[in-house]
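# Summary of the model geometry
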Amino acid sequence: MRVSVLELSKGMSHLVGATNGEAHLAGVTAQLNGEDQTVLLDFTSIESATSSYLKALLFGFFDDSQRAHPRLSLRGSFPVVVRLHDSVRDELSHLTSLAGRQIVEGVKVRADEV
C-alpha cells in the first residue's frame, strides 16, 4: 500500500511536531485493511520534517503500546520510506541513530513497487 505523506499533510511540504505525526499515523491506520502489509510512505515533495514528527509517524509502527492500542491497527504492517529529500533523510538518519532504531528506505521505486 502506498501512502502520500504530502496528501496526509494536506499539501504542507514542511512537517513539524509530534501532534502532526500522530495525526498522520492515524490517517495511515485508517487506510489499512487489516492484512499484513508493507506501507510505502511516499515523501515526494516533502522538503523537511522534524525529528518529533518522524518519530511520531514512524516509531508508532514498532512501539508496543501504540500497536496494542485499539484505535491503531498497525499490527502486521511495516513502513518503508520512499522518495526522501536529502534534508528528511539526514534528519531520519540522525533520529534513528540516536534512538538505536532502523528504518528501511526504498531507493528504487516504480508505482507501488520497491
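Each remark here, short or long, concerns the structure printed above.
The sections below set out a description of the structure shown in this document. Everything numeric in this text was worked out from a predicted model, so none of it was measured. Along each chain, residues carry numbers from 1 onward, in the same order as the chain's sequence is written. Where totals are concerned, whole chains, interfaces and linings use all residues; where local detail is concerned, this predicted model gives features only for residues with pLDDT of at least 70, and gives and counts side-chain atom pairs only at 80 or more. Values shown for side chains rest on all heavy atoms present in the structure; no hydrogens or waters enter the calculation.

A few words now on unusual backbone geometry. Of note in this structure, Ser45 is not a glycine but carries a positive phi near 70°. Within the secondary structure, Ser45 sits in the loop between strand S3 (37-42) and strand S4 (48-49). Type-normalised accessible area, obtained with a 1.4 Å probe on protein chains alone, sets the label of each residue: buried when under 20%, exposed when over 50%, and partly exposed for intermediate values. Take Ser45: its relative accessible area is 45%, and that puts it in the partly exposed class. Phi angles above zero are rare outside glycine, and Arg83 is one such case at about 55°. Each helix is a run of DSSP H or I of at least 4 residues and each strand a run of E of at least 2, with the numbering of both proceeding from the N terminus.

Once that is clear, we can look at the environment of Val28. Locating Val28 in the fold gives a position in helix H2 (residues 18-31). For the pair Val28 and Arg2, spaced 26 residues apart in sequence, the C-alpha separation works out to 9.7 Å.

Take the packing of H2 against helix H3 (residues 51-58) next. Here an angle of 0 to 180 degrees is reported between the N-to-C directions of two axes, which are lines fitted to C-alpha atoms, with helices fitted over the stretch in contact. At a minimum axis separation of 7 Å, H2 and H3 run at an interaxial angle of 25°. As judged from the angle between their axes, H2 and H3 are roughly parallel. For the pair H2 and H3, the crossing hand works out as right-handed. Contact residues: H2 offers Ala18, Asn20, Gly21, Glu22, His24 and Leu25, while H3 offers Ser52, Tyr53, Ala56 and Leu57. Three residue categories are used. Nonpolar comprises Ala, Val, Leu, Ile, Met, Phe, Trp, Tyr, Cys and Pro, charged comprises Asp, Glu, Lys and Arg, and polar comprises the others, including Gly. For the contact of H2 with H3, the per-class residue count stands at 5 nonpolar, 4 polar and 1 charged. When describing relative orientation, an angle under 35 degrees is termed roughly parallel and one over 145 degrees roughly antiparallel, while 65 to 115 degrees is termed roughly perpendicular and anything else oblique. Each helix crossing is assigned a hand: it is left-handed if the near helix lies turned anticlockwise from the far helix by less than a right angle, otherwise right-handed if that turn is clockwise. By the convention used here, residues are in contact when the closest approach between their heavy atoms is within 4.5 Å.

Pairs of aromatic rings are described using the distance from one ring centre to the other and the angle between the two planes. Side-chain rings of Phe, Tyr and Trp, where Trp is taken by its six-membered ring, are said to pair if the distance between their centres is within 6.5 Å; with planes under 30 degrees apart they count as stacked, over 60 as edge-to-face, and otherwise as tilted. Evaluated as defined, the whole model comprises 0 aromatic pairs. In this scheme, Lys NZ or Arg CZ marks a charge over a ring once it lies within 6 Å of the ring centre and within 35 degrees of the ring normal. We note Arg101 situated over the ring of Phe59; from NZ or CZ to the ring centre the distance is 4.6 Å.

Moving on, we come to the sheet that holds strand S1 (residues 2-4). Here we have 4 strands laid out as an open sheet, ordered S1-S3-S5-S6, and parallel in their pairing. Of all strands in the sheet, those with a lone pairing partner are S1 and strand S6 (104-106), marking the two edges. Strand after strand, the sheet turns through a mean of 35° between neighbouring axes, direction not considered. Whether two strands pair depends on DSSP finding at least two bridges between them. Bridge count for S3 against strand S5 (residues 77-82) is 6 bridges, and the pairing is parallel. Residue pairing for S5: Leu41 is matched across the bridge by Val81.

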